[in-house]
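One-letter residues, chain by chain:
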Amino acid sequence: MFVSARGSVRDVVFVDGVRTPFGKAKGVYSETRADDLVVKVIRELIRRNPGLPPERVDEVAIAATTQIGDQGLTIGRTAGILAGLPKSVPGYAIDRMCAGAVTAVTTTASAIAVGAYDVAIAGGVEHMGRHPMGEGVDPNPRFVSEKLVDPSALVMGMTAENVHDRYPGITRARADAYAVASQEKVAKAYANNQIQPDLVPVAARHVENGWELVTADEPPRPGTTLQGLAGLKTPFRPHGRVTAGNAAGINDGATGCLLAAADVAAELGLSRKMTMVGFGFAGVSPEVMGIGPIPSTEKALARTGLTIDDIGLFELNEAFAVQVLAFLDHFGIDDDDPRVNPYGGAIALGHPLASSGVRLMTQLARQFEEHPEVRYGLTAMCVGIGMGATTIWENPHHQAV
């Protein structure tokens, strides 16, 4: 068993989190490299936290689902060098599909807890316009020939239709209503300047529009209506329930956060936006990967000694509306519960796969500041090939009522 030099497990704090605005595939970032998006994020974290000497960063862990081209080559290391970190700072790449950034956070946080690191940068990137999901992969034929998984497991939209089958009470109309609410909440959050403070402006060159400074997310569709969504096609199944309107899009973007041991954060004068309480990963049948956050949340709650009633804020990734609604139904939470995704979610903002986990965390940290009455919050998401990921955080601003 590893024992830290300090003789005990340390508290790990979320110091800061930032992200690029998210773009549509073939949109604002069509001519921008994936690693340059990560560079922007790393530089912004260092700029926003002047008390941190760059040489005190012990690790840079960056996730990408499709680790080829400009988001390959051990991107944590290469992006760190490109961002100007000292060459003494190591880095690596990590992949757990949609939960890549979550895994980067939990892995480096675990190392901080036992004393292997003091400070780490963790995040993710996905340039889906340049590297579509599944590019270059070669699934082993045994998956199908030996019936290890249903063939639908390899098409995320089909897995969402399968979740609809499992939860017949989640109709297309209900999924569309949830999607409209997500768009409305994002529009409101932008109007209230709740999202913009953690966005890193990116100078990007577009083939048609030339250079522009990207300062806002490209995917949101303000003014989305139920009537408009009702007319969309169901590409994954005839007369299905999953559409482009009640699912996240194909997107580009990068995220990053700064993690530190609580005592080191205090020493350096760094902020303490959240404290990690615990986390859980769980596997489910790949053909219904959308239910993954249910067992991962149950595992995280059990291991931290908390219950679902202790959670005051939920940041749930909206890969598909049905996936979030299945989670809410399981835990007895209303579709319009104000604790759930107060700023909206991926249906409106976008879901650049491996990067999305830190977006959830950054938004939760911002909400903790607004809600000192809340002590605990969680971030959760489904993961391709049948997994779920949940992280539970404590609010350092909590004031007992």
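Note: the structure precedes this text.
Residues numbered from 1 in each chain as written. Predicted model: local features only at pLDDT ≥ 70, side-chain atom pairs only at ≥ 80, totals over all residues. Heavy atoms only, no water.

Visitor: I'm lost on the pairing of strand β4 (residues 91-94) in this one. Help?
Guide: Within a regular strand, side chains alternate between the sheet's two faces. Where strand β3 (residues 59-63) lies against β4, 4 bridges are found, and the strand directions are parallel. In the sheet register, V60 faces β4, and the bridge partner there is G91. (Pairing = 2+ DSSP bridges. Helix = DSSP H or I, 4+ residues; strand = E, 2+ residues; numbered from the N terminus.)

Visitor: Help me understand a nonpolar patch on the surface in this model?
Guide: On the surface, a cluster of nonpolar side chains totalling about 380 Å² of accessible area is made up of L154, V155, M158, F236 and I385. Note that M158 resides in helix α5 (residues 156-166). (Patch = residues over 30% accessible without salt bridge, like charges linked within 9 Å, V, L, I, M, F, W, Y side chains within 5 Å. Areas by Shrake-Rupley, 256 points an atom, 1.4 Å probe, with all protein chains shown as cover. Salt bridge = Lys/Arg side-chain N within 4 Å of Asp/Glu carboxyl O.)

Visitor: Would you explain unusual backbone geometry in this entry?
Guide: One can expect most non-glycine residues to show negative phi and most peptide bonds to be in trans. The backbone of N193 shows a phi angle near 60°, a positive value even though the residue is not glycine. By the secondary structure assignment, N193 is in the loop between α6 (172-191) and β6 (202-206). Here N193 falls in the partly exposed class, since its relative accessible area comes to 46%. Notably, L353 is not glycine yet its phi reads approximately 30°, a positive angle. (Buried < 20%, exposed > 50% of the residue type's maximum accessible area, 1.4 Å probe, protein only.)

Visitor: Help me understand the side chain of T65 in this model?
Guide: As for its placement among the helices and strands, T65 is situated in the loop between β3 and α2 (75-82). A distance of 3.3 Å separates a polar atom in the side chain of T65 from the backbone oxygen of M97. Those residues in contact with T65, other than ones at most four positions away along the chain, are D95, M97, C98, E126, L353 and A354. (Polar contact = N/O pair within 3.5 Å; in protein donor to acceptor, adjacent residues only side chain to side chain. Contact = heavy atoms within 4.5 Å.)

Visitor: What is the right way to look at the side chain of D70 in this model?
Guide: Note that D70 resides in the loop between β3 and α2. Residues in contact with D70, not counting those within four places in the same chain, are T32, R33, A34, D35, I75, R130 and H131.

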